[in-house]
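# Coordinate inspection notes
Listed here are the chains, written in short residue letters.
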Amino acid sequence: MDKKVIGRVDVVNFPKLNLNEISIKIDTGAYTSSIHCKDIEEVDGVLKCKFLDDNHPNYNGKKFSFTNYDVVYVRSSNGQVDVRYSIDSNIKIFNKVYKISLSLSSRDDMRYPVLIGRKFLTKKFIVDTEFSNLSFEATSQENTKDVSSEIL
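This section reports on the structure supplied with the text. (Residues numbered from 1 in each chain as written. Predicted model: local features only at pLDDT ≥ 70, side-chain atom pairs only at ≥ 80, totals over all residues. Heavy atoms only, no water.)

### Some words on the overall build of the protein
Of the regular secondary structure elements, the protein holds 2 helices and 11 strands. Traced from its N-terminal end to its C-terminal end, the protein shows the element sequence β-β-β-β-β-β-β-β-β-β-α-β-α. Across its three principal axes, the protein shows a C-alpha extent of roughly 55 × 30 × 30 Å. A buried classification covers 36% of the 152 residues belonging to the protein. Counting only carbon and sulfur atoms, one obtains 45% of the accessible surface of the protein, whose full area is about 9,400 Å². (Helix = DSSP H or I, 4+ residues; strand = E, 2+ residues; numbered from the N terminus. Buried < 20%, exposed > 50% of the residue type's maximum accessible area, 1.4 Å probe, protein only. Areas by Shrake-Rupley, 256 points an atom, 1.4 Å probe, with all protein chains shown as cover.)

### Some points on the nonpolar core
In terms of nonpolar packing, the biggest core is built from 30 residues, with F14, L17 and F51 touching the most fellow members. Apart from residues no more than four positions distant in its own chain, F51 is found in contact with L17, L19, I35, H36, C37, Y59, F64, F66, I87 and L104. (Core = buried A, V, L, I, M, F, W, Y, C linked by side-chain atoms within 4.5 Å. Contact = heavy atoms within 4.5 Å.)

### Focus on the pattern of salt bridges
Note on pairing: side chains with opposite charge can pair once their charged atoms come close. Using the criterion set out here, one finds 3 salt bridges in the structure. Here D39 and K50 are joined by a salt bridge, their closest N and O atoms 3.8 Å apart. You can see D39 sitting in strand β4 (residues 33-43) and its partner K50 sitting in strand β5 (residues 46-51), a full 11 residues away along the chain. With a relative accessible area of 22%, K50 lands in the partly exposed category. (Salt bridge = Lys/Arg side-chain N within 4 Å of Asp/Glu carboxyl O.)

### Focus: unusual backbone geometry
A positive phi angle is found at E21, which is not glycine, with a value near 55°. Residue position: E21 is located in strand β3 (residues 19-26). Residue E21 is classed as partly exposed on the basis of its relative accessible area, which comes to 49%. At D44, a position not held by glycine, the phi torsion is positive, near 50°.

### Quick word on the state of the cysteines
Applying the stated criterion to the full structure yields 0 disulfides. Looking at C37, it has no disulfide partner, and the nearest cysteine sulfur is the one in C49, 3.3 Å off. Exposure remark for C37: the relative accessible area of 2% places this residue in the buried category. (Disulfide = S-S within 2.5 Å.)

### Description of the packing of aromatic side chains
Counting across every chain of the model gives 8 aromatic pairs. A centroid spacing of 6.3 Å and a plane angle of 15° characterise the contact between F64 and F66, whose relative ring orientation is stacked. Like F66, F64 is buried. Note on Y69 and Y85: the rings are 5.7 Å apart at their centroids and 75° apart in plane angle, and the pair reads as edge-to-face. Taken as a pair, Y69 in the loop between β6 (63-66) and β7 (70-75) and Y85 in strand β8 (residues 81-93) lie far apart in primary sequence, 16 residues in all. We note K124 situated over the ring of F120; from NZ or CZ to the ring centre the distance is 4.8 Å. (Phe/Tyr/Trp six-rings, centres within 6.5 Å; stacked < 30°, edge-to-face > 60°. Lys NZ or Arg CZ within 6 Å of the ring centre and 35° of its normal.)

So, in structure tokens, the structure goes:
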């Protein structure tokens, strides 16, 4: 499988979650990927939450419910272990849709609402921190080509 070069940050879509043009940060030090989530509650085997918050321009306020989720243990860089919920979703990057597991966490104080870790990156991407938004730019150029070819 050919690996794509990805930069240190990018902008992607999460089709199953109906979240588009969401900023992500690539973190090769993190094993798992996480997404900013609010109002997380588990009631009678159903996990409910809202993704992002009012501070994010693409926040839609929609409450999601999941019956298929896991409880995971995530160790931070300082050694502290957090218990989090994890869901399976998908991510559209470089115009291709991939499966991804996302742990749900409050990233209020973080600049990027999504952190992408090694578990997702492995065998698909090579990280070059010199670059930013490679997928977003490639997708934008491809969409421009599609529109301009329709005009002809």
